[in-house]
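What follows is each chain in one-letter form.
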Amino acid sequence: MITARAAATFDPVARSVATARAFVRDTLQGWGYTDVVDDAVVLTSELVTNAVIHAGTAADVLCLRTEDGVRVEIADHYPEREIPLQPAALDLGSLDSENGRGLLLCAALASRWGVEYSPTRKHVWFQLDLPDRPVGVRSAGPLLPVGLLPVTDERVRVAVVQVDSEGGVAAWNDDAAYLFGYTADQVIGKQLTDFTAWPQTPGTSTGIADALRLSRWEGSYGIRGADGRTIPVYSSHLRVRDPQGEPSTVCLLVRDYERAVLQTPVRAPVSDTAESRKTDPFEVFIGSPAPDDLDGLLQRTVERARDMLDADAAFLLLATDDETELEVRATTGLPSARQRFARVPVEAGTGRYGSARMPAVHEDLDAVPGAVPLLGNTGMRSVVTVPLKVEGRLTGSLGVAAEAAGRYSNEEALRLQFAADRIALAVESARLGELERLRRGSLSFLVEASDLLAGTLDRDQTLALMAQMTVPTLATWCAVYTIADPASDPELSYVLHEDEERIDGLKSLLTRISPPEPVRTPGARVWAAPSEAAHEAALRTSMRSIGIGDAGGLGSTTRTTLATAAAVGGETVVLPLVARNRVIGMLTLGKPSDDHFRQEILELAEDLSRRAALALDNARLYSERTAISQSLQRSLLPPGLPAVPNVEVDVIYRAAGEGNEVGGDFYDVFPIRDGAYGFAIGDVCGTGPEAAAVTGLARHALRLLAREGFAGPAVLERLNAAILDEGARSRFLTLLYGELWPQEDGSALLKVVCAGHPLPLRLRQDGSVEPAADPQPLLGVMEDLELYEQEFTLEPGDVLLCVTDGVTERREGTRMLGDDGLADVLAHCTGLTAGAVAARILRAVERFAAEPPSDDMAILTMRVPEPQ
């Protein structure tokens, strides 16, 4: 019965043979089948060689675990292989032949073996049975002094977490709850990836989801605890299946410094044979296959360096381009990951022991405090560091450390330097590849950011885009401060965190501290205030929770405070937002506890801040101009419709163009004197601000002249003269002006002058529609006008409809609504109120064509209600 399987495909290149050997070795050792590992590796090597070298195709390797042993299948894809038609004696050839040795070895070493053909493949398989295992010790270590034993807590806690095939947590024991602060109810059913802090850069190497699918995996990563801190752990994963065949992964986790509880002993080095001397020294140190990504290579380097010198911790730093600083890129065994991406100077002191360019051994760091700043407050006493150099140029520094003093001498420094020389070129090559990927990614990021920022002129949306582009791509959290004018203080305008539950706590924290100083100096500068304030708040909260300060339990406020402290406890930087030679705000980026920014990320953030500043200033200018425009436009509209006794009055107004409230059409209804009311509806040639200017002139002139006692014709003649006085700015104007007198019998007397405007329509109670005035010359064209007014009476139930040409000239292709179409719509409005008539006219205009109206529209309706 098959209890586990592992499969891999290897490209038809020579290196694949070594990679396949390593795959089979690691798989079988993970299953605990060390007794048959060597034979399986030898057979795999020969058979994969046949596939990738002689057949020239990719090789598929499948390992199947059974209760009694292991079966390994190797298949090639040679397309022209013939299928035997009848059994024949197998000729294995001579022992000196290059071909066929794999089958000879199968016959000699395997319990069973065979060859299977298909039209496109050939399978060679072998079965290795496990020898009888006598009862007794399988592995033992030397007798060690108590002082050299691994250090653990008083009680070693091993978290047992079972993860289903979809990556969800299926089981969570009490030790896991103690170590990480979550109860089983809080995590079961959720994805394990929600709680892990994977050490490698996402997308560039094996992720946690990939590791959970391997048959066996062992290594270090972090778990985010309930208090927001990341807890470094050492984990051993074993993939199993239940009786129904459903796979799951059992994860055993301990604190990273207690890794000796789970860590598999390092295999003894190969003997100094001729074959071993041919092995690449790089592969001897790193192992095969070597990680393809920089983070994976660096992490494996520090772990192998620590194991090689039996150390408690190891670290690797990479040099900046100018070789003046070293950036921490990988650590193992240290209490936290706070050193990642932190920077230290290459020359930290005088003499060779203060320079990263030379090997150095520190027998006791307590005697020289600060000699290795990276190890401050970590409990490490002795350390050896060696440089990584390529062609004489410093590219990095590798170090190992121990908690005991005097652990290392020059002999260990030479061994570590030998290893550093082996891996320096590979590290530099991987680093250059990573930089190239970062540069390409940065260009794509900035192009996309520019497009998004250029796509909006809304200030609030621009602020949101700025934050959303930085979180989580560049930072864990972001805050944007804006400065309204040079005399104003910075104002917190937008806050974003990658965890939405942290936003309120973060915003509350930032509002309690003074904003950063608005400095114009380009580049990112460190701002320590958020981290300090968060730590102080967390300390006060913790003291209250244990009864040192004011009484109080560990409630939701306490948890929020502690989580906020962990969220902003890392490095915080401020970048100025400078536009048009003025600081208009600050972009603040932050990391969680013990985390730092990479220099490449800060440079990318600086480029983004320049683009964002210009976009934010453009949005500000647009908002200011829009507010001014809207304020001026609103001043051109009537303040409101007066209440006319015994007459219903309603108006619908629509200005063409986005953002316009006033155009070339206008209306007005206003009291002239006791018992008399003026009304007007007009249309200035054109649309937009120029037409709106004449609109304002006409509306205010009408009110002034009418209240001076001029009759309708005199009012329009003087308005005509005022328009002509505007000179080149003048525009012709069509205008319907009238005066209304409500009568005691319930009717209304009207006197109107129609100067070039669409004629007003009168709807009688019987449904008949007729023009209520005659056309006369428009205004703004001729100096001498002879206008006259026409008088009529609206009886109870009658409606007077006045519109602008945006209504009558509504078009759909070659069709136009026109005066006749408007009259037909009005004829069906008997019995409706003035507001209902205006609404029905508007609906008819909108439904006449599919396209939105392109001209201003004004609809003024007056109705004399019937007596109750």
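This is a predicted model, so every value here is computed, not measured. (Residues numbered from 1 in each chain as written. Predicted model: local features only at pLDDT ≥ 70, side-chain atom pairs only at ≥ 80, totals over all residues. Heavy atoms only, no water.)

## Looking at the overall build of the protein
Moving on, step 1. Within the protein, the regular secondary structure consists of 20 helices and 34 strands.
Moving on, step 2. Counting across all 868 residues of the protein, residues that qualify as buried make up 47%.
Moving on, step 3. Taking contacts inside the protein between residues at least 6 apart in sequence as the whole, the part at least 24 apart equals 62%.
Moving on, step 4. For the protein, the accessible surface area stands at approximately 43000 Å², while carbon and sulfur atoms represent 51% of it. (Helix = DSSP H or I, 4+ residues; strand = E, 2+ residues; numbered from the N terminus. Buried < 20%, exposed > 50% of the residue type's maximum accessible area, 1.4 Å probe, protein only. Contact = heavy atoms within 4.5 Å. Areas by Shrake-Rupley, 256 points an atom, 1.4 Å probe, with all protein chains shown as cover.)

## A few points about the pattern of salt bridges
Pairing between side chains becomes possible if they bear opposite charge and their charged atoms approach one another.
Moving on, step 1. Scanning the model with the defined rule gives 29 salt bridges in all.
Moving on, step 2. Two residues, Arg 431 and Glu 428, come together in a salt bridge whose shortest N-O distance is 3.0 Å. In this pair, Arg 431 and Glu 428 are both assigned in helix α10 (residues 410-454), three residues apart and thus about one turn of the helix distant. Per residue, the accessibility class of Arg 431 equals that of Glu 428, and both read buried.
Moving on, step 3. The partner of Asp 617 in a salt bridge is Arg 620, and the shortest N-O contact between them spans 2.7 Å. Highlighted residues: Asp 617 and Arg 620, both in helix α15 (residues 599-636), separated by three residues, approximately one helical turn.
Moving on, step 4. Residues participating in the shared-partner salt-bridge network are Arg 580, Asp 617, Arg 620 and Glu 624. (Salt bridge = Lys/Arg side-chain N within 4 Å of Asp/Glu carboxyl O.)

## Details of the pairing of strand β22 (residues 582-590)
Moving on, step 1. Most of β22 sits inside the fold, with nine of its nine residues counted as buried.
Moving on, step 2. Sheet analysis places strand β18 (residues 477-482) next to β22, joined by six bridges and oriented antiparallel. Looking at β22, one finds that Thr 482 is bridged to Gly 585. (Pairing = 2+ DSSP bridges.)

## Description of the sheet that holds strand β23 (residues 648-654)
Moving on, step 1. Read from one edge to the other, the open sheet built from five strands follows the order β23-β34-β31-β28-β29, with strand pairing classed as antiparallel. In the strand order of this sheet, the two ends are held by β23 and β29 (769-771), each with one partner. Averaged over neighbouring strand pairs, the angle between their axes works out to 20 degrees when direction is ignored.
Moving on, step 2. With three bridges connecting them, strand β28 (residues 761-763) and β29 associate as antiparallel partners. Bridged to Leu 761 within β29 is Pro 771.
Moving on, step 3. Where helix α19 (residues 818-827) meets the sheet, it contacts β28, β29 and β31 (799-803), and its direction lies at approximately 25 degrees from that of β28.
Moving on, step 4. Against the sheet, helix α20 (residues 834-848) contacts β23, β31 and β34 (857-863), and its axis sits at roughly 150 degrees relative to β34. (Axes fitted to C-alpha atoms, helices over the stretch in contact; angles between N-to-C directions.)

## Quick look at the side chain of Arg 65
Moving on, step 1. Looking at where Arg 65 falls in the secondary structure, it is placed in strand β2 (residues 59-66).
Moving on, step 2. Buried and unpaired, Arg 65 has no salt bridge, with Glu 67 as the nearest side chain of opposite charge at 9.3 Å.
Moving on, step 3. Other than its neighbours up to four places away in sequence, Arg 65 contacts Met 1, Ile 2, Thr 3, Ala 4, Trp 31 and Tyr 33. (Lys, Arg positive; Asp, Glu negative; His and termini not counted.)

## A closer look at the sheet that holds β18
Strands pair in a sheet through their backbones, by hydrogen bonds, and they do so in one of two ways: parallel or antiparallel.
Moving on, step 1. Strand order across the open sheet formed by five strands is β19-β18-β22-β21-β20, with antiparallel pairing between neighbours. Two strands lie at the open edges of the sheet, namely β19 (491-497) and β20 (525-526), each paired on one side alone.
Moving on, step 2. Bridge count between strand β21 (residues 572-579) and β22: eight bridges; the pairing is antiparallel. Along β22, the bridge assignment pairs Val 574 with Thr 588.
Moving on, step 3. Across the face of the sheet, helix α12 (residues 503-512) comes into contact with β18 and β19 while running at roughly 150 degrees to β19.

## Some words on the packing of aromatic side chains
Moving on, step 1. Across all of its chains, the model carries six aromatic pairs by this definition.
Moving on, step 2. Seen from their ring centres, Trp 172 and Phe 180 are 5.9 Å apart, and the 55 degrees between their planes marks the pair as tilted. An identical accessibility class is assigned to Trp 172 and Phe 180; each is buried.
Moving on, step 3. With a centroid separation of 6.2 Å and 80 degrees between ring planes, the pair formed by Tyr 481 and Trp 527 is classed as edge-to-face. (Phe/Tyr/Trp six-rings, centres within 6.5 Å; stacked < 30°, edge-to-face > 60°.)

## Quick notes on the nonpolar core
Moving on, step 1. Counting residues in each nonpolar core, the largest one holds 49 residues, and the members touching the most others are Met 466, Leu 510, Leu 577 and Leu 589.
Moving on, step 2. Of the residues forming this core, the biggest block, nine residues, is contributed by α15.
Moving on, step 3. For Leu 577, the contacting residues outside a window of four places in its chain are Met 466, Val 480, Tyr 481, Arg 582, Val 583, Ile 584, Gly 585, Met 586, Leu 587, Ser 609, Ala 613 and Leu 616.
Moving on, step 4. Grouped together as the second largest cluster of nonpolar side chains are 32 residues, Val 17, Val 36, Val 41 and Val 52 included. (Core = buried A, V, L, I, M, F, W, Y, C linked by side-chain atoms within 4.5 Å.)

## A word on helix α1 (residues 15-31)
Owing to its 3.6 residues per turn, the α-helix brings residues three or four apart onto one side.
Moving on, step 1. For α1, spanning 17 residues, the distance from its first C-alpha to its last is 25 Å, which sits close to the expected 24 Å at 1.5 Å a residue.
Moving on, step 2. Residues of α1 that are buried: Ser 16, Val 17, Ala 18, Thr 19, Ala 20, Ala 22, Phe 23, Val 24, Thr 27, Leu 28, Gly 30 and Trp 31.
Moving on, step 3. Of the residues flanking the end of α1, it is Gly 32, one or two places downstream, whose phi is positive at about 85 degrees. (Expected span 1.5 Å × (residues − 1).)

## Considerations on helix α11 (residues 459-470)
Moving on, step 1. The end-to-end C-alpha distance of α11, which contains twelve residues, comes to 17 Å, matching closely the 16 Å that a straight helix rising 1.5 Å per residue would cover.
Moving on, step 2. All of the buried residues in α11 are Thr 462, Leu 463, Ala 464, Leu 465, Met 466, Ala 467, Met 469 and Thr 470.
Moving on, step 3. The backbone nitrogen of Asp 460 has a side-chain oxygen 3.2 Å away, supplied by the residue at the start of α11, namely Asp 458. (Polar contact = N/O pair within 3.5 Å; in protein donor to acceptor, adjacent residues only side chain to side chain.)

## As for the side chain of Glu 434
Moving on, step 1. Relative to the elements of secondary structure, Glu 434 occurs in helix α10.
Moving on, step 2. When its relative accessible area of 7% is taken as the criterion, Glu 434 is described as buried.
Moving on, step 3. Setting aside residues up to four positions removed in sequence, Glu 434 forms contacts with Leu 294, Asp 295, Arg 329 and Arg 598.

## Quick word on a negative patch on the surface
Moving on, step 1. A cluster of acidic residues, Glu 717, Asp 725, Glu 783, Asp 784 and Glu 786, forms a negative patch on the protein surface.
Moving on, step 2. Glu 783 sits in the exposed class, given a relative accessible area of 69%. (Patch = residues over 30% accessible without salt bridge, like charges linked within 9 Å, V, L, I, M, F, W, Y side chains within 5 Å. Charge placed at Lys NZ, Arg CZ, Asp CG, Glu CD.)

## What to know about the environment of Asn 581
Moving on, step 1. Tracing the chain through its elements places Asn 581 in the loop between β21 and β22.
Moving on, step 2. Accessibility expressed as a relative area gives 65% for Asn 581, which makes it exposed.
Moving on, step 3. Note: C-alpha distance between Asn 581 and Arg 520 (61 residues apart in sequence) is 8.9 Å.

## Digging into the packing of helix α9 (residues 294-308) against α10
Moving on, step 1. As a packed pair, α9 and α10 sit with axes 9 Å apart at the nearest point and diverge in direction by 170 degrees. Here α9 lies roughly antiparallel to α10, going by the angle between them. Contacts between α9 and α10 involve Leu 294, Asp 295, Leu 297, Leu 298, Thr 301, Ala 305 and Met 308 on the former and, on the latter, Arg 415, Leu 416, Ala 419, Ile 423, Ala 426, Val 427, Ala 430, Arg 431 and Glu 434.
Moving on, step 2. Along the lines of polarity and charge, the residues of the contact of α9 with α10 split into eleven nonpolar, one polar and four charged. (Parallel < 35°, antiparallel > 145°, perpendicular 65-115°, else oblique. Nonpolar A, V, L, I, M, F, W, Y, C, P; charged D, E, K, R; others polar.)

## With respect to a nonpolar patch on the surface
Moving on, step 1. Together, Phe 732, Val 781 and Met 782 make up an exposed nonpolar region whose accessible area comes to about 270 Å².
Moving on, step 2. Here Met 782 shows up in the loop between β29 and β30 (790-794).

## Some details on the packing of α10 against α11
Moving on, step 1. Interhelical geometry of α10 versus α11 gives an angle of 165 degrees and a closest axis separation of 10 Å. Compared by their axis directions, α10 and α11 come out roughly antiparallel. Here α10 and α11 pass one another in a crossing that is right-handed. Counted together, Phe 445, Ala 449, Leu 452 and Leu 453 of α10 and Thr 462, Leu 465, Met 466 and Met 469 of α11 form the full contact between these two elements. (Left-handed = near helix turned anticlockwise from the far one by under 90°.)

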